[in-house]
Amino acid sequence: MANESKKVLLVGDNPFHGISHLSQERARARSNEIEQVEYAANLVVTSLENGASGFMFSVSDTTLSILQKIREKIGNNHPALYGIVPYAYEYVRLATRLGTAGLVKKVAKQVTLSGNLRAIITGLHGIVRNDPKTLMKTYLISEVSRIKSSIGKQHNLDSMLLHEIITDMALALDLDWIFKSYIRFIGELGIKPGFETRNFAYLANKFKEWNLDFSEILIVAPFNKVGFQMNPSRAECERALAEVPESNVIAMSILAAGYLKLPEAIEYIENLSNIKGVVVGVSKEKHACETFRLLKERLDA
Amino acid sequence: MERLRVAVVGLGKMGLLHASILKVMPSVEVIALCEKSSLLLKFFRKLFKTTQVVDDVEKLADLNLDSVYVTTPIPVHFPVVKTLYLKKVTRNLFVEKTLASSWGKAKELCALAQSHGDVNMVGYMKRFAVTFRTAKSMLDQGTLGEITSFEAYAYSSDFSGINESSKTRASRGSVLDDLGSHVIDLALWFFGDLEVDSAVPESMVDGSCEDAVHFTLKKSGLEGQVNVSWCMDNYRLPDFELMIRGHKGIMKVNDDSLELKLNDGTSSTWYRQDLNDNVNFLLGEREYYREDEYFVKSILAGIKAEPSFETASKVDYVIDQVKRKVNNG
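Quantities reported herein were computed from a predicted structural model and do not represent experimental measurements. (Residues numbered from 1 in each chain as written. Chains lettered and ligands numbered in written order. Predicted model: local features only at pLDDT ≥ 70, side-chain atom pairs only at ≥ 80, totals over all residues.)

Caption draft 1: Layout of the overall build of chain A. What chain A contains, in helices and strands, is 12 helices and eight strands. Of the contacts formed within chain A by residues at least 6 apart in sequence, a portion of 81% connects residues at least 24 apart. (Helix = DSSP H or I, 4+ residues; strand = E, 2+ residues; numbered from the N terminus. Contact = placed C-beta atoms within 7 Å.)

Laid out in structure tokens, this is it:
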């Protein structure tokens, strides 16, 4: 049965980081313009003016600069903000260059240099006790503090999501405490905890097994007509979606990374139950206008 | 169902990735993890409360393991694999690419595997990408006819814009071991044994190690040009591509797509989305799940896995030949 309530329509930041899941060649061929802060901020603002209700972004220096620029452009008209941590690409690249131990040292230095006293004290406790839970908390404090300094103290984050690499690795390793601690800690900050995953069916089953409350969390996962990135299969993901007790799932990759046209992508989403909204990346102003006008007309009417 | 008792040695990003994928497989039980770094060791002992974490491969000897994954830096593969075989830790080994840091060492490991092992495999995961698999199947069916030439590249931005010489850069071996090995393996898989004809290196930093290498491979009637670099701009993820020319047409294949243009005027393009690319659990790329699933099934069935140590040692041979050409100017 189709869900007839209004959908959350988010503009995503993948194009701003040179990501195309259809083709790396296509991502490289895009003009460098897309990676410029001013251009990206204008695209987000155009999307917001044409029906998008918020912005979903990985927490990186680039997106934090984009957020600052958006704030300058739209003043007090606060869009919904959904941050994703960590910015996995940068950390994987650091691990490649420095090794895992080098990465850990680098992140510790980053937290110290952030000047956030709470993060530093919590971090020191974590290092002394060698406690992964406390170290995670330290990292999150420092990331929330970075975001706040870009969006302004009055403006809040709607949701903070754990990046799919961490979510899916923790799921696989059966580390339920990571999810429980994350939900508790982010919830205490007045932010909705969320999880990005490319294994939605597996996650839904695990969360039920661990008795996690779906109403307290947000999940972002691929949903599209061709089953792209819907593991283990489109049918399994649809079945799991129909069975989740709350409608707190945001669909990503609805265009299957540019493989599908927007009208057919929307038609598929319209007929899914339990979808709270969608996130779509845009790379051109015309694209931003057309995409969000149509999404609003069809999903947010 | 019988469950394989598995350990993973080396808890860098590849070790964590394989450990995670193995953990979701119903036919596998991850018994132990092994990591030398004292900083990581302490952290992982707290993180993995139900899995044993040890600091020495010899400590895996009493765990009655069916298989071990070796995901340490390349220069450490040789001593670790040797210990695992000689201490009889297991007879089934998976080693991340490349098999060893030289052809000589790779040959020694092949001999050890022959005398002390059963199923062995090296992690050339590109063979498990749907696009490259489809290309291999088309080439085997003769879609392009006789192959005459190819151009291949393996590019990343891992060290793009990094001016200082890095310890990790050296510990990862050369750009040939780290990045070039994938595309060399694909070329050997597609075309059979090849010899190195010429090689030109480039160093972007201080001359202490090559950051890019351009070399030619050939065999009777076939010549290929390969370009490898980890200092390219705008290669956010490592990217591998082959352009293959045959008597019947041209094929371009990379991680994302496969394009075929035949001399009769027909042309087709297949994207990953067209080629049934889903896996039971996706972490990193789908190829990792497929190669682990294949290796596990090979052990359970008691059959040879490919690329075996023997097959993968041919990549070490080509890399050695390229290095010789580079050193001999």
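Caption draft 2: Layout of the nonpolar core. Core analysis: the biggest nonpolar cluster contains 194 residues, and Leu10(A), Val44(A), Ile250(A), Val278(A), Val183(B) and Ala187(B) have the highest contact counts within it. No other element matches helix H7 (residues 175-191) of chain B, which puts 10 residues into this core. Two domains each put at least three residues into this core: domain 1 (4-125 + 288-308) and domain 2 (126-279 + 313-327) of chain B. If near-sequence neighbours (up to four positions away) are discounted, Val278(A) is found in contact with Lys7(A), Leu9(A), Leu10(A), Ile250(A), Ala251(A), Ile254(A), Ile269(A), Leu295(A) and Leu299(A). (Core = buried A, V, L, I, M, F, W, Y, C linked by C-beta atoms within 7 Å. Buried ≥ 20, exposed ≤ 12 C-beta atoms within 10 Å, placed from the backbone. Domains from an automatic or database assignment.)

Caption draft 3: The environment of Lys13(B), seen in detail. All names here are of chain B. Residue placement: Lys13 occurs in helix H1 (residues 13-24). When the 19 C-beta atoms within 10 Å are taken as the criterion, Lys13 is described as partly exposed. Each C-alpha atom, one on Lys13 and one on Thr71, is 8.8 Å from the other, the two residues being 58 residues apart in sequence.

Caption draft 4: Structural context of helix H9 (residues 200-209) of chain A. Residues and elements named next belong to chain A. Among the residues making up H9, those that are buried are Phe200, Ala201, Tyr202, Leu203 and Ala204. Where H9 is buried, its residues touch helix H7 (164-172), strand E5 (192-196), strand E6 (218-222) and helix H10 (234-243). At the exit of H9 stands Asn211, carrying a positive phi of roughly 55°.

Caption draft 5: Examining the sheet that holds strand E8 (residues 275-281) of chain A more closely. Residues and elements named next belong to chain A. Here we have eight strands rolled up into a closed barrel, ordered E1-E2-E3-E4-E5-E6-E7-E8, and parallel in their pairing. The average angle at which neighbouring strand axes cross in this sheet is 25°, direction not considered. Sheet topology note: the strand E1 (residues 8-12)/strand E2 (residues 54-58) ladder contains three bridges and is parallel. In the sheet register, Gly12 faces E2, and the bridge partner there is Met56. (Pairing = 2+ DSSP bridges. Axes fitted to C-alpha atoms, helices over the stretch in contact; angles between N-to-C directions.)

Caption draft 6: Region of interest: the packing of helix H4 (residues 103-116) of chain B against helix H9 (residues 309-327) of chain B. Residue and element names in this part refer to chain B. Contact pair H4 / H9: the axes reach a minimum separation of 8 Å and the direction vectors enclose 170°. With respect to H9, the axis of H4 lies roughly antiparallel. In contact with Trp103, Ala106, Lys107, Leu109, Cys110 and Ala113 of H4, H9 contributes Phe309, Glu310, Ser313, Asp316, Tyr317 and Asp320. Residue composition of the contact of H4 with H9, by class: seven nonpolar, one polar and four charged. (Parallel < 35°, antiparallel > 145°, perpendicular 65-115°, else oblique. Nonpolar A, V, L, I, M, F, W, Y, C, P; charged D, E, K, R; others polar.)

Caption draft 7: Structural view of the pairing of strand E9 (residues 212-219) of chain B. All names here are of chain B. Across seven bridges, strand E8 (residues 195-202) lies against E9 in antiparallel orientation. Bridging across to E9, Glu202 finds its partner in Ala212. Relative to strand E10 (residues 222-229), E9 runs antiparallel, the two being bridged by eight bridges. Residue pairing across strands places Thr216 opposite Gln225, the latter belonging to E10. In this structure, the hairpin formed by E9 and E10 is closed by a connection of two residues, where Gly221 is found at a positive phi of approximately 80°.

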